[in-house]
Amino acid sequence: MVSGSDSHGTPILFKAEKLGISPEELAKKSHKEISQTFKKLSLIYENYSTTTTKNHEEIVHNVFLVLKERGYLYTQKSKQYFDEKVGRFLPDRYVRGICPECGATNARGDECPECGKFLKPEDLIDPYSTLSDTKPVFKETEHFYLDLKKLEPQLKKWIDKSSDNWRKWVREFSKGWIREGLEPREVTRDMNFGISVPVEGWEGKVLYVWIEAVIGYLSASIEWAQKIGKPQEWEEFWKDPKCKHFYFIAGGNTSFHTIIWPAELLAYSEKYTDDSLWNKYKLPGESKREPLTLPYDVPSNKMLLFKGKKMSKGDGTSLDADSLLEKYSEDLIRFFFVRYAPENHDREFEWKDFLDCNNNELVANLGNFINRTLTFVQSKFGGTVPEGEIEKEVQEQIETSFKEIGKHIERCEFVKASEALLKFGDFSNKYFNDKAPWVSYKENIKECSNTIYNSIQLVNALRTLIKPFIPNASNKLRDMLNIKNEYDPNEELTTKGVVSQLENSWYLEEIPSLTKLGDIKILFEKIDREEERP
RNA sequence: CGCGGGGUAGAGCAGUGGCAGCUCGUCAGGCUCAUAACCUGAAGGUCGUUGGUUCGAAUCCAACCCCCGCAACCA
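Only a predicted model underlies this, so the values are computations on that prediction, with no experimental measurement involved.

Draft legend 1. Spatial organisation of the sheet that holds strand β5 (residues 95-98). Pairing in this open sheet of 3 strands is antiparallel, and the strands run β6-β5-β7 from one edge to the other. With partners counted over all chains shown, the strands left at the sheet margins are β6 (107-108) and β7 (125-129), one partner each. Where β5 and β6 come together, 2 bridges link them in antiparallel fashion. Each residue of the ladder has a partner; that of R96, found in β6, is R108.

And the structure:
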């Protein structure tokens, strides 16, 4: 699993200008911050890279040139507004003027905020640049365009064939794009921040971030292979048709992963059927002459709304992981955003849900069962797992849950997976209640032992079942159950950057009788509702 | 205008042709091992509107209404 910070966005550029530092510096700083946040959330990657590396630039150039040679890139001249004082071409929204429709004086080059009419910058009356307040001039510029139209038939064929397992909205949204017909897209910009254009005479322009950032998935994989000292290893992931690629992204980026990136991959893969290109444009460590793998699934989420609106940093309606981490546990944050993820439609974020998730689901359901079982062993059996035999009902529940939750995770149905997890908690609490070991303890110690033995097995199953969601809690539980020398893929990933035995981690071994437990601690802390946020 | 998603109990959501479900909240009861946690039961819905197809529709079809997103030189 690889990812990285997309560093060449316009927001970085403008924010850097505001702070008076170079965009490169700011990109570096935010990448560091994001990496730390991920670490705090136990989001572990084989490689979490950035798009400012030399490696990335080299690979982007390679891809660009292959696309160019295959005829998917062409140049075209156009006239755009240019701010002579600042010496820069102006994005549409940096040109303002009077709306030709309604006469509003604050119309932007892309849209009039008063009447909602979509505009072109040249429609504006008395245009001015928001960068210098001077009147911009029309100036000719030249750009490269990606000929998406030419790729449309292949793309359509691919989507029709491979989107059946996608989330409905992702599939329909992507098919809608194709149905409407794809237009060529500008891939270069008049800017000095970004990946250079690898063509003579194009100094001073850079590649547009949208075409270049997605290539980061490939360059991060290649970088990873080099880091672990096996420069060819990335091909195992990119050229084996059995290897399925999942792209976990925010909804707004869907088209870049279901249309643009596949288009780039399809076009690039023509390299493998062209002798001269194959010899000329090898990727680092490349030896297999086979096409690159296209996405298997793009499970993107819809929007999490805050007071009915899209979250936005500008107006204080954003929730970011860092401020949540100051107050709440990693486990709660991870579990909440899976449990209440807007997988199929927008969803309103409510603090009440956040607290309910903690107090009712993590604490009262899962945590309580774990705690009542472990403290029972502690107080009645001196911290040693009593003797017993696994009951059929318990065994079946455990097997069913492993199967069901595993199935949901494979299908990227994470909300359903979390629901199944809570059902397992319900079963366990009910089992404990029905068996009433606090009664049998006085009347029939053998039956009591058996109940507790079975409860311990349920706790242990829970330990593994929660691991994908809340690995931190799972590890704490492992220590409480005093399990030693167990293979932990996350640990191997953190220390070596690889996972060697993935297929063995979704299984269960019984905790034998007479096992001595470790220290019992509260796994999830209850949150006082009075401290609710505004 | 166009494209896509959604409109189901007080709240949040599942449910794509066969007696309307889940979680929380509310009310009543049980238990006391457990973080006042756990278990049982009850109340609560004309499934956005109108029409159609069908023995049967939340589910299929048509039209309409409302909310959201996309539609950008924002990635």
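Draft legend 2. Expanded view of the packing of helix α3 (residues 54-69) against helix α9 (residues 254-268). Contact geometry for α3 and α9: axes closest at 9 Å, N-to-C directions at 70°. As far as their axial angle goes, α9 and α3 are roughly perpendicular. Remark: the crossing between α3 and α9 carries left-handed chirality. Residues N62, V63, V66 and L67 of α3 lie in contact with α9, whose contacting residues are E264, A267 and Y268.

Draft legend 3. Expanded view of the side chain of R189. With respect to the helices and strands, the residue R189 is situated in strand β10 (residues 188-189). Put simply, R189 is tucked away with no salt bridge, and the nearest opposite charge, on E186, sits 6.1 Å away.

Draft legend 4. Main features of the pairing of β5. The sheet contact formed by β5 and β7 spans 3 bridges and is antiparallel. Along β7, the bridge assignment pairs V95 with S129.

Draft legend 5. Unusual backbone geometry, seen in detail. Notably, S42 is not glycine yet its phi reads approximately 55°, a positive angle. As for its placement among the helices and strands, S42 is situated in the loop between α2 (23-40) and β2 (47-50). Even without glycine at this site, N482 takes up a positive phi of about 60°. Relative to the helices and strands, N482 resides in the loop between α18 (471-480) and α19 (489-496).

Draft legend 6. Just the packing of helix α12 (residues 330-339) against helix α15 (residues 414-435), in detail. Remark: α12 packs on α15, axes separated minimally by 8 Å, with the N-to-C direction vectors making an angle of 115°. In this structure, α12 uses F335, V338 and R339 to contact α15, whose residues at the interface are F414, V415, S418, E419, L421 and L422. Of the residues belonging to the contact of α12 with α15, the class tally is 6 nonpolar, 1 polar and 2 charged.

Draft legend 7. The arrangement of the pattern of salt bridges in detail. Within the structure shown, the criterion is met by 27 salt bridges. The shortest N-O distance in the salt bridge between R289 and D275 comes to 2.7 Å. Pair noted here: R289 is in the loop between α10 (275-280) and β12 (304-306) and D275 is in helix α10, with a separation of 14 residues, a long-range link. Residue R289 is classed as partly exposed on the basis of its relative accessible area, which comes to 35%.

Draft legend 8. Geometry of the protein's contact with RNA strand B. Neighbouring RNA strand B are 50 residues; D6, T10, R93, D346 and R347 lie closest to it. Sugar and phosphate atoms constitute 69% of the interface atoms of RNA strand B, taking the interface as everything within 4 Å of the protein. At a separation of 2.4 Å, a sugar or linking oxygen of RNA strand B approaches a polar side-chain atom of D6. A distance of 2.9 Å separates a phosphate oxygen of RNA strand B from a polar atom in the side chain of R179. Looking at the surface near RNA strand B, the elements with two or more residues in it are α5 (168-180), α13 (351-380) and α15. With 12 residues, α13 is the single largest residue contributor to the surface near RNA strand B. Across the surface near RNA strand B, the residue classes tally to 15 nonpolar, 15 polar and 20 charged.

Draft legend 9. The environment of E140, seen in detail. For E140, the location among the structural elements is in strand β8 (residues 137-146). It is 8.6 Å that separates the C-alpha atoms of E140 and Y81, two residues lying 59 residues apart in sequence.

Draft legend 10. Region of the structure containing helix α17 (residues 445-465). Compared with the 30 Å implied by 1.5 Å per residue over 21 residues, the 30 Å span of α17 between its first and last C-alpha is a close match. The buried count for α17 comes to 17 of 21 residues, which makes it a mostly enclosed element.

Draft legend 11. Just the nonpolar core, in detail. Grouped together as the largest cluster of nonpolar side chains are 59 residues, with contacts concentrated most on L374, L421, I456 and L481. Looking at this core, the elements that each hand over two or more residues are α11 (321-327), α12, α13, α14 (392-410), α15, α17 and α18. Ranked by the residues each element gives to this core, the list is headed by α13, at 12 residues. Every residue in contact with L374, bar those within four places of it in the chain, is listed here: I456, V459, L477, M480, L481, L517 and I520.

Reading the values: the criteria
- Residues numbered from 1 in each chain as written.
- Chains lettered and ligands numbered in written order.
- Predicted model: local features only at pLDDT ≥ 70, side-chain atom pairs only at ≥ 80, totals over all residues.
- Heavy atoms only, no water.
- Pairing = 2+ DSSP bridges.
- Helix = DSSP H or I, 4+ residues; strand = E, 2+ residues; numbered from the N terminus.
- Axes fitted to C-alpha atoms, helices over the stretch in contact; angles between N-to-C directions.
- Parallel < 35°, antiparallel > 145°, perpendicular 65-115°, else oblique.
- Left-handed = near helix turned anticlockwise from the far one by under 90°.
- Contact = heavy atoms within 4.5 Å.
- Buried < 20%, exposed > 50% of the residue type's maximum accessible area, 1.4 Å probe, protein only.
- Lys, Arg positive; Asp, Glu negative; His and termini not counted.
- Salt bridge = Lys/Arg side-chain N within 4 Å of Asp/Glu carboxyl O.
- Nonpolar A, V, L, I, M, F, W, Y, C, P; charged D, E, K, R; others polar.
- Near = heavy atom within 4 Å.
- Polar contact = N/O pair within 3.5 Å; in protein donor to acceptor, adjacent residues only side chain to side chain.
- Expected span 1.5 Å × (residues − 1).
- Core = buried A, V, L, I, M, F, W, Y, C linked by side-chain atoms within 4.5 Å.

Fair warning: the whole summary comes from geometry, so function is off the table for now.
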